[in-house]
Amino acid sequence: MEFPNGLLYTKDHEWAQPGADDTVTIGITDHAQEALGEVVYVELPKIGRELKEHETFGVVESIKAVSDLFSPVAGKVIDTNSAVTGEPGLVNSSAYKDGWLIRVKLANKDALKSLMDAQKYTSFVQDLK
Amino acid sequence: MAKKTALYDEHVKLKGKMVEFGGWDMPVQYSGLADEHETCRTKVGLFDVSHMGEVRVRGRDSLAFLNRLVTNNVEKIQDSQAQYTVMCFEEGGCVDDLIIHRMGPEDFFICVNASNTEKDYEWIKNHSPKGVSVENVSPEYTQIAIQGRHAQPILQKFTDTPLADIKYYWFRQGRVLDKEAIIARTGYTGEDGFEIYVPWHSGPAIWSALMDEGQKHGIKPCGLGARDTLRTEMKYPLYGHEIEKDLNPLEAGLGWVVKLDKPGFIGKKALVALKESGLRRSLVGLRSLGKAIPRQGYVVETAGTPVGVVTSGTLSPCLKYGIAIAYVDRNLNAIGTKLDVVVREQRVPHEIVETPFYKRPY
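Residues numbered from 1 in each chain as written. Chains lettered and ligands numbered in written order. Predicted model: local features only at pLDDT ≥ 70, side-chain atom pairs only at ≥ 80, totals over all residues. Heavy atoms only, no water.

Colleague: Could you give me a rundown of the overall build of chain B, with the residues and numbers involved?
Modeller: Along its length, chain B carries 8 helices and 20 strands. Taking 362 residues into account, the globule formula puts the C-alpha radius of gyration at 21 Å, and chain B, at 20 Å, falls close to it. Here chain B holds 362 residues, and 59% of them are scored as buried. Within chain B, contacts between residues separated by at least 24 positions form 65% of all contacts whose residues are at least 6 apart in sequence. Seen as two clouds, the 46 positive and the 46 negative side-chain charges of chain B have centres 3 Å apart. (Helix = DSSP H or I, 4+ residues; strand = E, 2+ residues; numbered from the N terminus. Rg over C-alpha atoms; globule rule 2.2 N^0.38 Å. Buried < 20%, exposed > 50% of the residue type's maximum accessible area, 1.4 Å probe, protein only. Contact = heavy atoms within 4.5 Å. Lys, Arg positive; Asp, Glu negative; His and termini not counted. Charge placed at Lys NZ, Arg CZ, Asp CG, Glu CD.)

Written out as structure tokens, the structure reads:
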């Protein structure tokens, strides 16, 4: 399992990648996609929706299970990955790249400070086992 | 602590993802649910179903006793024949569904659901008359299901019992890998295949032998995940979903195993009254016309009015669209009826279709 440096992580197994102009790209981690199994359906919010921190913004589903997606930060949805709704398997095959889910304009820059870095998240995942 | 079947170490070796189900530590999947499902449909799959319970009922009056206990007519089966049936409460709800195997005129071997084993055993025991012995023999058996078009030649390697002679819902008492076995042509997948009951400790050797021999046929171990999607494609009921205490077999579409014309059985009065007053709902098969996947508990609507509920739902690995088993108002049960399933506050169009959703091509 891979948890790249430079990304930030949540206890709900989402990752957030800070970009330019206070935006973050959000997806689910390798750990999450592996636990889910083959992802067959992804539902994402409408562009423009305001998300609170930890608010449910969509679902990823395997054949058997539905998992809610929680926003790591508060902010406005400025883009969603239409490739992944058409090809949900991207979440499995490329969790950190082609399988990204939404892009959010941060409501508050400091929000990122509460997230884990790769090292912390790695030990968090190890402690779950 | 969840119980482990005799095959637990095999599952771990095969990298099965273990989950608790019905009080047992069971593999939910190995190579991946879709792959296992597909393998069972096109080749052959091997399932550990040792979590299922077995109850043995014996004695001079055992036939008459069972016939008062279950909804189907047990007198209709012969030695070496099996019968699917339901066992009801007085109120008409389901205690469980079961398969009764007639080992002899006074000897019956009953397979029950894992999570209901204790309850069923108590229920049977508490209703049994003097002279009938009721034993929970679950700990004595490893149950393995080998399901799929190549099941027969693989199993045949390890038994002298001529498997081609066993018809659907018949069984033989024979030997597998030289261990005493009940070999039944039954299953929960919609494929041809067998369910074998062998001594608990012989499970690993028999499982490994079937896996090895099955390699040339493309056999794969299949977990509970695939077992559930396979049975859903067949619209086979599952206790806790389509049937339970507050759900009766008539509305569950199991009228074919409820013989209201046979003498008294537990629940008959209530079921007769229900039939006379008119059934209110039907268990139907729905296919999703959208992309969203229907799931257990989702509400079924027409024009914004609730008319039913989904009892089982999944993406069909074979058909590639969402399918659901659902209770709906009886006047809306016609094939072709368009209904909505409410998925996270969105109405997703569905259509009632013929079931089983999947029909095997051989």
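Past the structure itself, the notes keep going.
Colleague: Residues and numbers for the nonpolar core, please.
Modeller: The tendency in soluble globular proteins is for nonpolar side chains to be buried side by side. Grouped together as the largest cluster of nonpolar side chains are 42 residues, with contacts concentrated most on Phe 47, Phe 109 and Leu 254 of chain B. Among the elements of the structure, strand E6 (82-88), strand E7 (94-104), strand E8 (107-112), strand E10 (141-147), strand E12 (179-184), helix H7 (224-233), helix H8 (268-277) and strand E18 (322-329) of chain B are those that each provide at least two residues to this core. Looking at this core, the element that brings in the most residues is E6 of chain B, giving 4 residues. Lining this core are residues from two domains, each supplying at least three of them: domain 1 (1-279) and domain 2 (280-353) of chain B. The contact partners of Phe 109 of chain B, leaving out residues within four places of it in the chain, are Glu 54, Val 55, Arg 56, Ile 99, Ile 100, His 101, Met 103, Val 137, Tyr 141, Ile 182 and Tyr 197 of chain B. Grouped together as the second largest cluster of nonpolar side chains are 26 residues, Ala 16, Leu 44, Val 73 and Leu 101 of chain A included. (Core = buried A, V, L, I, M, F, W, Y, C linked by side-chain atoms within 4.5 Å. Domains from an automatic or database assignment.)

Colleague: Explain the environment of Phe 109 of chain B residue by residue, including any values.
Modeller: All names here are of chain B. With respect to the helices, strands and loops of the structure, Phe 109 is situated in strand E8. The exposure class of Phe 109 is buried, given its relative accessible area of 0%. The sequence separation of Phe 109 and Leu 98 amounts to 11 residues, and the corresponding C-alpha distance is 10 Å.

Colleague: Requested: an account of the domain arrangement of chain B, with residues and values cited.
Modeller: Residues and elements named next belong to chain B. Domains assigned within chain B are domain 1 (1-279) and domain 2 (280-353). Taken over C-alpha atoms, the centre of domain 1 sits 28 Å from the centre of domain 2. Between domain 1 and domain 2, the residue contacts involve 19 residues of the former and 18 residues of the latter. Summed over both sides, the interface of domain 1 with domain 2 buries roughly 1,600 Å², with 57% coming from carbon and sulfur. Area buried by domain 1 at its contact with domain 2 is led by Lys 235, Glu 242 and Glu 251, which between them contribute 34% of it. Across the domain 1-domain 2 interface, the total number found is 1 salt bridge. As a salt-bridge pair, Glu 251 and Arg 281 come within 3.0 Å of each other at their nearest N and O atoms. Viewed at the interface, domain 2 and domain 1 are joined by 14 residue pairs in polar contact (both at pLDDT 80 or more). (Buried area = accessible area lost by both parts, 1.4 Å probe. Salt bridge = Lys/Arg side-chain N within 4 Å of Asp/Glu carboxyl O. Polar contact = N/O pair within 3.5 Å; in protein donor to acceptor, adjacent residues only side chain to side chain.)

Colleague: Can you break down the pairing of strand E20 (residues 346-353) of chain B residue by residue, with the values?
Modeller: All names here are of chain B. The pairing of strand E15 (residues 281-288) with E20 spans 4 bridges and is antiparallel. By the bridge assignment, Leu 286 is partnered in E20 with Ile 352. Sheet analysis places strand E19 (residues 338-343) next to E20, joined by 6 bridges and oriented antiparallel. Residue pairing for E20: Lys 338 is matched across the bridge by Glu 351. Where E19 hands over to E20, the hairpin turn is made up of 2 residues, of which Arg 344 adopts a positive phi near 45 degrees. (Pairing = 2+ DSSP bridges.)

Colleague: Explain the interface of chain A and chain B to me, using residue names and the numbers behind them.
Modeller: Taken residue by residue, the interface counts 15 residues in chain A and 18 residues in chain B. The contact between chain A and chain B buries some 1,200 Å² in all, and 49% of this surface belongs to carbon and sulfur atoms. The partner of Glu 43 of chain A in a salt bridge is Arg 344 of chain B, with the nearest N and O atoms 2.9 Å apart. Of all the secondary structure elements, the ones that give two or more residues to the side of chain A that touches chain B are helix H1 (30-36), strand E4 (39-43), strand E6 (56-62) and helix H2 (82-86) of chain A.

Colleague: How would you explain unusual backbone geometry if you had to name every residue and give the values?
Modeller: Negative phi is the rule for most residues except glycine; trans is the rule for most peptide bonds. Cis geometry marks the peptide bond from Thr 355 of chain B to Pro 356 of chain B, where omega comes out at 0 degrees. Position of Pro 356 of chain B relative to the elements: it lies in the segment after E20. The backbone of Asp 22 of chain A shows a phi angle near 60 degrees, a positive value even though the residue is not glycine. Mapped onto the secondary structure, Asp 22 of chain A falls in the loop between strand E2 (14-18) and strand E3 (23-28). Of note in this structure, Glu 345 of chain B is not a glycine but carries a positive phi near 70 degrees. Position of Glu 345 of chain B among the secondary structure elements: in the loop between E19 and E20.

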